[in-house]
Each structure stands twice: as structure tokens, then as C-alpha cells.
Amino acid sequence: MPAADQEKWDTRYRERGAEAFGTAPSDWLVQQMDWLLPLRPGPVLDLACGNGRNGLYLARQGFDVVALDISPVIISWLRQRATEEGLSLRAEVVDLTTWDPGPEIFAIILNFNFLERDLFPVMQKVLRPGGYLLFETYTIEQAMLAEARQPRYPLKGNELLHAFPNLLVRQYREGIFHESGKGRRRAVASLLAEKPAALTVMD
């Protein structure tokens, strides 16, 4: 399936162009910036980054970003964009179903419009204490919106709220929302969660 996914996305990006998928950052990301800015320069991990709209946004704010996606076509485009703008953004082709993050630890992890449940423990592991996970993707309520595309892997009701037991939920929403710049309603769950810093025990 990953090879088929790679070909699917490569074809879409070749036919439609990277910017056809939107260039504005997610509303949810922008709304959480007061939490994130003190963590500059990061590093930030952008999973299944697509055209990098969220990673580019944070790189422009002074963050160091690592962006991963299965499509060589979009990663090539993203590398060129980061170079042209002089941004600290490293883009790599990665199959996230077999991804091994190695020893890297991140201050911020972004997961937007992508659902691979097997990665949940990995995200908690590679997030540093005091760091934040921002997660937003479709829920089963998306099927109620006839005008919208149906996700292959939707979240169940309240699933995201309880998906990361080792993290502290700081902000959460779930429902049908209109995202600015998209022109359509989307049924999503959105999470901002923090990895607790290690406690210091006083004698």
C-alpha cells in the first residue's frame, strides 16, 4: 500500500501542482502560536507534511523544521521553496508506516490530515519534555458532509482526546468547522498536548 500511496500523491502533485492544495497554515496551528513561540527554534517535526504549508509557516517564524512525506515530487518542491526563502527546513522522503526516527527529539510535532495509529507511541517518545504535539484530522462525522471528500482513515468520536495517555491535553475541540481559506466545512478533531517535564524530587 505505501508504494500505491506514493504513486497516488506523486500523480496528484504533478497534475494539480503543489499550491493547489492550499498554502495557508492550518487555523488550529495559528491559534496555538502563543504556546509554541517560546519553544523557538524547536526543532519541529512535520509528519506527512504534504506541500509543507504548516512547516513553512513555522520556519518563517524562526523554527528549525524537519518535514517528512512519502511523495518525492512534493519533497523536491518543498526543498526548492525552502532554499528560495532561505528557511531552516529539511525535507525528506519517508514512508511513515516503517519510519524509524532514531535518536532525534523534537520540541513540536505536527500531524495534520494524516492518521497512522501505530505512530502514536513513537510521537510520545520523540517529543521532548515540555514539548507540544499538534494533531488534527478528520472524524467519522465527515461522512455527514456530502460536499466533502471522505477520509479513508477517520477518527472515532473522542478517540483523539484519549489517544496520548502520557501527554497533558492543553486544548481540544471536536466537531464541524469552517477553515478560513478552504471554503468548506470539515469534521475534525484537534488537539494540543504537552509532554510533562520530568519532576524534580526535593529531599
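Parameters and conventions
- All chains use their own residue numbering, which begins from 1 and follows the written sequence.
- Local features in this predicted model are restricted to residues of pLDDT 70 or higher, and side-chain atom pairs are both shown and tallied only at a pLDDT of 80 or more, whereas totals for entire chains, interfaces and linings draw on every residue.
- As a convention, hydrogens and water are excluded, and side-chain values are obtained from all of the structure's heavy atoms.
- Put simply, DSSP marks the helices as runs of H or I at least four residues long and the strands as runs of E at least two long, and each gets a number from the N terminus on.
- Summary of the burial criterion: residues with accessible area below 20% of their type's maximum are buried, those above 50% are exposed, and those between are partly exposed, where the area comes from a 1.4 Å probe applied to protein chains only.
- Any two residues having at least one pair of non-hydrogen atoms within 4.5 Å are treated as being in contact.
- Any Lys or Arg side-chain nitrogen located within 4 Å of an Asp or Glu carboxyl oxygen qualifies as a salt bridge.
- Between any two strands, pairing holds if DSSP finds at least two bridges.
- Seen with its strands pointing away from the viewer, a crossover is right-handed if its path from the first strand over the helix to the second goes clockwise.
- Within 3.5 Å is the distance limit for a polar contact, defined as a pair of N or O atoms, with the added protein rule that one can donate a hydrogen and the other accept it, and that residues adjacent in sequence qualify only through two side-chain atoms.

Chemist: Would you mind going over the overall build of the chain with me for this structure?
Modeler: The helix and strand inventory of the chain stands at 6 helices and 7 strands. Reading the helices (α) and strands (β) of the chain from amino to carboxyl end gives α-α-α-β-α-β-α-β-β-α-β-β-β. Taken across its 203 residues, the chain has 47% of its residues classed as buried. Nonlocal contacts in the chain, meaning residues at least 24 apart in sequence, comprise 64% of its contacts between residues at least 6 apart.

Chemist: I'm lost on helix α4 (residues 53-60) in this one. Help?
Modeler: In terms of burial, α4 is a largely internal element, 7 of the 8 residues being buried. Those residues of α4 that sit buried are R53, N54, G55, L56, Y57, L58 and A59. In the segment just after α4, G62 is the residue with positive phi, at about 100 degrees.

Chemist: It is not clear to me how the pattern of salt bridges should be interpreted in this structure. Could you clarify?
Modeler: Side chains bearing opposite charge may pair, as long as their charged atoms lie close to each other. Under the definition given, this model contains 11 salt bridges. Between E85 and R60 there is a salt bridge; the shortest N-O distance is 2.8 Å. One end of the pair, E85, is in helix α5 (residues 72-85); the other, R60, is in helix α4, and 25 residues separate them in sequence. Residue R60 is classed as partly exposed on the basis of its relative accessible area, which comes to 41%. A salt bridge links R81 to E85, with the shortest nitrogen-to-oxygen separation between them at 3.9 Å. Here R81 pairs with E85, and both are found in helix α5, just 4 residues apart, close to one helical turn. Where salt bridges share partners, they join R53, E136, R173, E179 and R186 into one cluster.

Chemist: Looking at this structure, I do not really get the pairing of strand β1 (residues 44-47). What am I missing?
Modeler: Covered by surrounding structure in β1 are V44 and D46 together with L45 and L47, the residues of both alternating faces. Pairing geometry for β1 and strand β2 (residues 65-69), over 3 bridges, is parallel. Along β2, the bridge assignment pairs L45 with V66. You can see the chain leave β1, run along α4 and come back into β2, and the turn it takes is right-handed. One ladder, built from 4 bridges, connects β1 with strand β4 (residues 106-112); its direction is parallel. Across the sheet, residue D46 finds its bridge partner in β4, namely L110.

Chemist: Could you clarify how one ought to interpret the side chain of R53 in this entry?
Modeler: Among the structural elements, R53 can be located in helix α4. Residue R53 is classed as buried on the basis of its relative accessible area of 9%. Polar side-chain contacts of R53 include one of 2.8 Å to the backbone oxygen of A24.

Chemist: What is the right way to look at unusual backbone geometry in this model?
Modeler: Most peptide bonds are trans, and most residues other than glycine sit at a negative phi. The omega torsion across R40 and P41 is 10 degrees, close enough to zero to call that bond cis. Cis geometry is found at the peptide bond from G42 to P43, where omega equals 10 degrees. By the element assignment, P43 lies in the loop between α3 (33-36) and β1. Even without being a glycine, N113 presents a positive backbone phi close to 55 degrees. Structurally, the position occupied by N113 is in the loop between β4 and α6 (120-126).

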